[in-house]
Amino acid sequence: MTRRTGGWGPTPDSHAFPTRRYDLVKEFVIALAAVSVLSVGAALVFSSPDEPAISLQQWARQAPADVVATAAGELAGTTTSAGYGPPYNTAGEGQSLGPVNLQTMPGVTIPVDSAKDLVLDPVRSLTSDPAATAAVRAWDAAPADRQQAWATAYADALSSAPDGDPAKVAAGDYGPVPAIAAAELQLADSGALEGLLTSRTSFFGADSTKALLLLADGTHLEEAARSQNLGGDQWGIMNETGSYPGQPWLWLYSLWYQVPPFSTSENADIAVWALMVVLSIGFICIPWIPGLRTLPRHLGVHRLVWRSRP
């Protein structure tokens, strides 16, 4: 049976066509299984490795001398965090963009006293350790210049000792600094230091700022990062741990850290950020930039993929 419609002539009845059985559920199950197998296979081959974070306890057990040297540096005020500037303290000038110091504009929003918060206060928790308690008491009783002299002398002695081993440090007037640094190592090795430096917040649940600052002040974290090609001069922004694909879409951002003047600038972070802002705005404004907006027409690339009907 046929029926007519408009000026298009007769329309065949759908029942006049040959048919075959089609199991939609079966097709769905086969497709789901195939996609699942492919997804799992791709995940096994291409996914990022789930490497555990470096803990302070792991640091203490793998590089105990570095923990002691870092503790001495915190007391001497020579570590990165001690002289960083905002948002942690006012010890550093911060990064500037031309005459504008953007880093200091917000002020100190996360106050951290590296010697007190990262070393002395945790060691004070060892109330059952007479040596640690006496060392902190002696430190507190000394004037600031004396404290500085003790900590600087011990930090220098550690850097001169074979392998930085505290047991091989030459004799000197270091005051209570060796005992305080040893107590810091004891706390880290026991796992207690991580908890003492990690505060609880209502929003994120845990704030590991202080623990990360202490870890970053040592050399262990940087050495671990560079071994995985994650250093700033190793295209680290776009790399991944292990020999896995990283974030290729960050190639342009990472590129600027590899070339002068950014690679040698103290203001590299803020300078690269400003450059990327300018480039991003320029990319957005291409339709309104004379010359650039007509470039596709002059290049004629569209003619390779588009043809007029004959």
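Quantities reported herein were computed from a predicted structural model and do not represent experimental measurements.

## Some thoughts on the overall build of the chain
Line of reasoning, step 1. From N to C terminus, the chain includes 13 helices and 2 strands.
Line of reasoning, step 2. In summary, the chain has a C-alpha radius of gyration of 32 Å against a globular reference of 19 Å for 310 residues, an excess of more than 25%.
Line of reasoning, step 3. Overall, the C-alpha framework of the chain stretches about 110 × 55 × 40 Å when taken along its three principal axes.
Line of reasoning, step 4. Each of the 310 residues in the chain was classed as buried or not, and the buried ones make up 29%.

## Considerations on unusual backbone geometry
Keep in mind that most residues, glycine aside, have a negative phi and that most peptide bonds are trans.
Line of reasoning, step 1. The peptide bond linking Pro86 to Pro87 adopts the cis configuration, its omega dihedral lying at 10°.
Line of reasoning, step 2. Tracing the backbone shows Pro87 in the loop between helix H3 (64-76) and helix H4 (114-124).
Line of reasoning, step 3. Geometrically, the link from Pro260 to Pro261 is a cis peptide bond, its omega value of 0° lying close to zero.
Line of reasoning, step 4. Tracing the backbone through its elements, the reader meets Pro261 in the loop between helix H11 (251-255) and helix H12 (268-284).
Line of reasoning, step 5. Unlike most non-glycine residues, Asp163 shows phi in positive territory, near 60°.
Line of reasoning, step 6. The topology assignment puts Asp163 in the loop between helix H6 (144-160) and helix H7 (177-190).
Line of reasoning, step 7. Owing to a relative accessible area of 73%, Asp163 belongs among the exposed residues under this scheme.
Line of reasoning, step 8. For Trp235, which is not glycine, the phi dihedral falls at a positive 60°.

## Some remarks on the packing of H4 against H7
Line of reasoning, step 1. Packing of H4 against H7 leaves a shortest axis separation of 9 Å and a crossing angle of 80°. Judged by the inter-axis angle, H4 sits roughly perpendicular to H7. The residues of H7 that touch H4, namely those facing Leu118, Val119, Leu120, Pro122 and Val123, are Ile180, Ala183, Glu184 and Leu187.
Line of reasoning, step 2. Taken together, the residues that form the contact of H4 with H7 break down as 8 nonpolar, no polar and 1 charged.

## Some remarks on helix H5 (residues 130-141)
Line of reasoning, step 1. For H5, which comprises 12 residues, the first-to-last C-alpha distance of 16 Å matches the rise-based estimate of 16 Å (1.5 Å per residue) to within 8%.
Line of reasoning, step 2. Of the residues making up H5, those classed as buried are Ala132, Ala135, Val136 and Trp139. All buried residues of H5 project into a common sector of 95° when viewed along the axis, lining one side. When the buried face of H5 is taken as reference, the exposed residues oriented beyond 90 degrees from it are Pro130, Arg137 and Ala141.
Line of reasoning, step 3. Buried positions along H5 lie against H3, H4, H6 and H7.

## Description of the pattern of salt bridges
Line of reasoning, step 1. Tallying each qualifying case throughout the model produces 7 salt bridges.
Line of reasoning, step 2. Between Lys116 and Asp117 there is a salt bridge whose closest N-O contact spans 3.9 Å.
Line of reasoning, step 3. What makes Lys116 partly exposed here is its relative accessible area of 38%.
Line of reasoning, step 4. Between Arg226 and Asp233 there is a salt bridge, with the nearest N and O atoms lying 3.0 Å from each other.
Line of reasoning, step 5. A relative accessible area of 34% places Arg226 in the partly exposed class.
Line of reasoning, step 6. Among the charged side chains, a salt-bridge network with shared partners connects Lys116, Asp117, Asp121, Arg124 and Asp140.

## With respect to the packing of aromatic side chains
Both the distance between ring centres and the angle between the ring planes are used here to describe each pair of aromatic rings.
Line of reasoning, step 1. Inspection of the entire model under this criterion finds 4 aromatic pairs.
Line of reasoning, step 2. Their ring planes at 55° and their centres at 5.3 Å tell us that Tyr154 and Tyr174 sit as a pair that is tilted. Placement of the pair is Tyr154 in helix H6 and Tyr174 in the loop between H6 and H7, with a sequence separation of 20 residues. Comparing Tyr154 with Tyr174 shows no difference in burial state: the two are buried.

## Structural notes on helix H9 (residues 209-217)
Residues separated by three or four positions in an α-helix point in the same direction, a consequence of the helix having 3.6 residues per turn.
Line of reasoning, step 1. Restricting attention to buried positions, one finds in H9 the residues Thr209, Ala211, Leu213, Leu214, Leu215 and Asp217.
Line of reasoning, step 2. Residues of H9 that are buried make contact with helix H2 (56-62), H3, H4, H7, helix H8 (192-197) and helix H10 (220-227).

## A word on the packing of H6 against H7
Line of reasoning, step 1. Contact geometry for H6 and H7: axes closest at 9 Å, N-to-C directions at 65°. Classed by the angle they form, the pair H6 and H7 counts as roughly perpendicular. On H7, the residues that touch Trp150, Ala151 and Tyr154 of H6 are Val177, Pro178 and Ala181.

Cut-offs used in this document
Residues numbered from 1 in each chain as written. Predicted model: local features only at pLDDT ≥ 70, side-chain atom pairs only at ≥ 80, totals over all residues. Heavy atoms only, no water. Helix = DSSP H or I, 4+ residues; strand = E, 2+ residues; numbered from the N terminus. Rg over C-alpha atoms; globule rule 2.2 N^0.38 Å. Buried < 20%, exposed > 50% of the residue type's maximum accessible area, 1.4 Å probe, protein only. Axes fitted to C-alpha atoms, helices over the stretch in contact; angles between N-to-C directions. Parallel < 35°, antiparallel > 145°, perpendicular 65-115°, else oblique. Contact = heavy atoms within 4.5 Å. Nonpolar A, V, L, I, M, F, W, Y, C, P; charged D, E, K, R; others polar. Expected span 1.5 Å × (residues − 1). Arc of directions from axis to C-beta. Salt bridge = Lys/Arg side-chain N within 4 Å of Asp/Glu carboxyl O. Phe/Tyr/Trp six-rings, centres within 6.5 Å; stacked < 30°, edge-to-face > 60°.

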